[in-house]
Amino acid sequence: MIGLISVTAAGAVARDRLAAAWPERTRVYEGPAGDAVRAAFAECAQVVCFLATGAVVRLLAPLLGGKTSDPGVVCVDEGGRFAVSLLGGHGGGANELAREVGALLGAEPVVTTATDAVDLPGLDTLGLPAEGAVAAVSRALLDGEPVALRTEVAWPLPALPVTGADRGQEHGYTVTVTDRAVEPGPLDVLLRPPTLVVGVGASRGAPADEVLALIRDALAEAGLSARSVAELATVDAKSREPGLLAAAERLGVPLVTHPAGELARVEVPNPSAAPLAAVGTPSVAEAAALLGGGELLVPKRKSAASPAMATCAVVRRPGRGRLAVVGLGPGARDLLTPRARAELRRASVLVGLDQYVDQIRDLLRPGTRVLESGLGAEEERARTAVAEARAGRAVALIGSGDAGVYAMASPALAEATRDIDVVGVPGVTAALAAGAILGAPLGHDHVSISLSDLHTPWEVIERRVRAAAEADLVVTFYNPRSRGRDWQLPKALAVLAGHREPGTPVGVVRNASRADESSRLTTLGELDPAWVDMMTVVTVGNTATREIAGRMVTPRGYRWQEEPR
């Protein structure tokens, strides 16, 4: 919950805007500022104060406990110009809250945390439990000192400016990604990925303490960290077993259940007749742990109680790589979506066409590995991106416009397998960017057709153009003309001319949204193909499209209502 505190009318206006936008996340604290701050500090995970920072500092000073326990606090000034991350920037989430508040109120987020200030991801903000010398290693990263990264288990981390696994000094700074139960040294940070699945079986009424003791003993003997346990897994019949539910809650992980039929199909080293008779599967603990694949580290073992009422098994699942297919939009920076920016910053590996990489290189975090290539290597880039993701990395594969429209999503997903997570990030397409420049040419049914016959036979393309012409659809031509392909556009226009008047409006837009953008509105009869190249989008109207006040407009209705112009 986010506590909201204000003492003035202007502050109350901004406070109420947040409360209205986040009704489920916020609670308004009334009364004197001191009482309100003390109450919110005790009851909320985060606090937004519409007060001067000095006043808030004085009110907070007697309440401060520690970095890991204090809530995140954001201050917003009386004029609503700045949202200042004051306390708990990382641990309390105040840095991200300042950005959220700023976006909602139109305020500038002010973040002074050292790593954020230089665009480095904080080691304690990577979504993984972090142990050890977080402050010291973070300072080393900031100062450019050698920091070695050791990944004992693969995990899709964002970019870190580390020196590699083998180049750090023997006793230098290290960041180790591991699920082993090891202690960090004075210059070490351990990141605990959630790689371990603990399968559990239990008799009715099995005590939570017995289940927990069994799990902890199994992990300890195998040299594994409890902080890397992702879930407890069992059979559906045990979904409401109090001891299992309590054990999962105390470990801070979900209890995931599976149908007995699915578990019965899993090959296990230690099947048993007892669970088969009781719940319909010859294995619960091992089968539940192994169901999603992985390496069996701890075979089924029983609890030490007599009689034993619980069993467990431990499996290490491989870290799933992450492939984000990101559309960069038509080129203008302000048409790059916030989600695309976030994915670029989340990636440790960027794959893309060299000219597109140049557009967003300044947005990448330090340490991002860039794999770029020239025109004509789309399939190679797709294979490279998928291979990097399958190696457990966080990958961003970029394309212009929307990555799913004549871009990289199709070849990448044709290569992608089920062992990676794939995220699609939409972008503003060339057709949409050009349409906004021309007016509203796509106001009714429309189609996009690529005139490139490098991968599609011309006979197929011509058939599609003819179908669009007969259906009276507005047509946007991608890849309309190049030095080596100068005859396709005239042929396509001739097909459309068989169904539309010479006066049909046509929009020609080159480099939509970029610094050298140019556009013209002409007609089907007057269009000169020499105006067009590969950086151009050509939009041909249907029989209802009109030029109105110098803009290309296709009406939404099925009949055009003639009006004096």
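Structure: see above.
I will try to describe carefully the structure that is included in this document.

Conventions used here
Residues numbered from 1 in each chain as written. Predicted model: local features only at pLDDT ≥ 70, side-chain atom pairs only at ≥ 80, totals over all residues. Heavy atoms only, no water. Helix = DSSP H or I, 4+ residues; strand = E, 2+ residues; numbered from the N terminus. Buried < 20%, exposed > 50% of the residue type's maximum accessible area, 1.4 Å probe, protein only. Contact = heavy atoms within 4.5 Å. Areas by Shrake-Rupley, 256 points an atom, 1.4 Å probe, with all protein chains shown as cover. Lys, Arg positive; Asp, Glu negative; His and termini not counted. Charge placed at Lys NZ, Arg CZ, Asp CG, Glu CD. Pairing = 2+ DSSP bridges. Right-handed = clockwise from strand over helix to strand, strands pointing away. Axes fitted to C-alpha atoms, helices over the stretch in contact; angles between N-to-C directions. Parallel < 35°, antiparallel > 145°, perpendicular 65-115°, else oblique. Core = buried A, V, L, I, M, F, W, Y, C linked by side-chain atoms within 4.5 Å. Salt bridge = Lys/Arg side-chain N within 4 Å of Asp/Glu carboxyl O. Polar contact = N/O pair within 3.5 Å; in protein donor to acceptor, adjacent residues only side chain to side chain.

Moving on, we come to the overall build of the protein. If you tally the helices and strands in the protein, you get 18 helices and 28 strands. A principal-axis box enclosing the C-alpha atoms of the protein has dimensions of 90 × 65 × 55 Å. When burial is assessed residue by residue, the protein has 47% of its 565 residues classed as buried. In the protein, 66% of the contacts between residues at least 6 apart in sequence involve partners at least 24 apart. As presented, the protein carries roughly 26,600 Å² of accessible surface, and 51% of it is formed by carbon and sulfur atoms. Seen as two clouds, the 57 positive and the 65 negative side-chain charges of the protein have centres 2 Å apart.

What follows covers the pairing of strand β2 (residues 26-29). Pairing between strand β1 (residues 2-6) and β2: 4 bridges, direction parallel. In the strand pairing of β2, Ile2 is matched with Thr26. Once the chain exits β1 it traverses helix α1 (residues 9-21) before rejoining the sheet at β2, and the crossover so formed is right-handed.

Working definition: the strands of a sheet are paired by backbone hydrogen bonds and lie parallel or antiparallel to each other. Within the open sheet, the 6 strands sit side by side as β2-β1-β3-β4-β5-β6. Their pairing is mixed. Two strands close off the open sheet at either side, each with one partner strand: β2 and β6 (108-110). Across the sheet, the mean angle from the axis of one strand to that of its neighbour is 25 degrees, orientation sign disregarded. Here strand β3 (residues 46-50) runs beside strand β4 (residues 72-76); their pairing, made up of 4 bridges, is parallel. Following the sheet pairing, Gln46 is matched in β4 by Gly72.

With that settled, consider the packing of α1 against helix α4 (residues 94-105). Axis separation between α1 and α4 bottoms out at 11 Å; the angle between their running directions is 105 degrees. On the basis of the axis angle, α1 is roughly perpendicular to α4. Mapping the contact onto sequence places Ala14, Arg17, Leu18 and Ala21 in α1 and Val101, Leu104 and Leu105 in α4.

To continue, consider the nonpolar core. Core analysis: the largest hydrophobic core is formed by 24 residues, its most contacted members being Val198, Ile215 and Leu232. When residues of this core are traced back to their parent elements, those giving at least two are β11 (196-202), α7 (208-222), β12 (229-235), α8 (242-251) and β15 (310-316). The leading source of residues in this core is α7, at 6 residues. Sequence-distant contacts of Val198, that is, excluding residues within four places in its chain, are made with Ile215, Val229, Glu231, Leu232, Ala233, Cys312, Ala313 and Val314. Judged by nonpolar contacts, the second largest core, of 21 residues, contains Trp458, Ile461, Phe477 and Val506.

Our focus in this paragraph is the sheet that holds strand β27 (residues 546-548). One open sheet holds the 3 strands; their spatial order is β21-β28-β27, and the pairing between them is mixed. At either end of the open sheet lies a strand with only one pairing partner, and these are β21 (439-440) and β27. Alignment of β21 against strand β28 (residues 551-553), held across 2 bridges, turns out to be parallel. Paired with Gly439 across the bridge in β28 is Met552.

Turning our eyes to something else, we now look at the pattern of salt bridges. Per the stated rule, a full pass over the model turns up 27 salt bridges. The closest approach of N and O atoms between Arg15 and Asp16, which form a salt bridge, is 3.0 Å. On the basis of relative accessible area, Arg15 is assigned to the buried category, the value being 8%. Two residues, Asp358 and Arg361, come together in a salt bridge whose shortest N-O distance is 2.7 Å. Where salt bridges share partners, they join Arg15, Asp16 and Glu30 into one cluster.

Mapping Trp531 onto the fold places it in the loop between β25 (518-523) and β26 (536-540). When the C-alpha atoms of Trp531 and Arg520 are compared, they prove to be 9.6 Å apart, with 11 residues separating the residues in sequence.

The next subject is the side chain of Ser303. As for its position among the elements, Ser303 is in the loop between β14 (295-302) and β15. Judged by its relative accessible area of 8%, Ser303 is buried. Only 3.4 Å separates the side chain of Ser303 from the backbone nitrogen of Met309, close enough to count as a polar contact.

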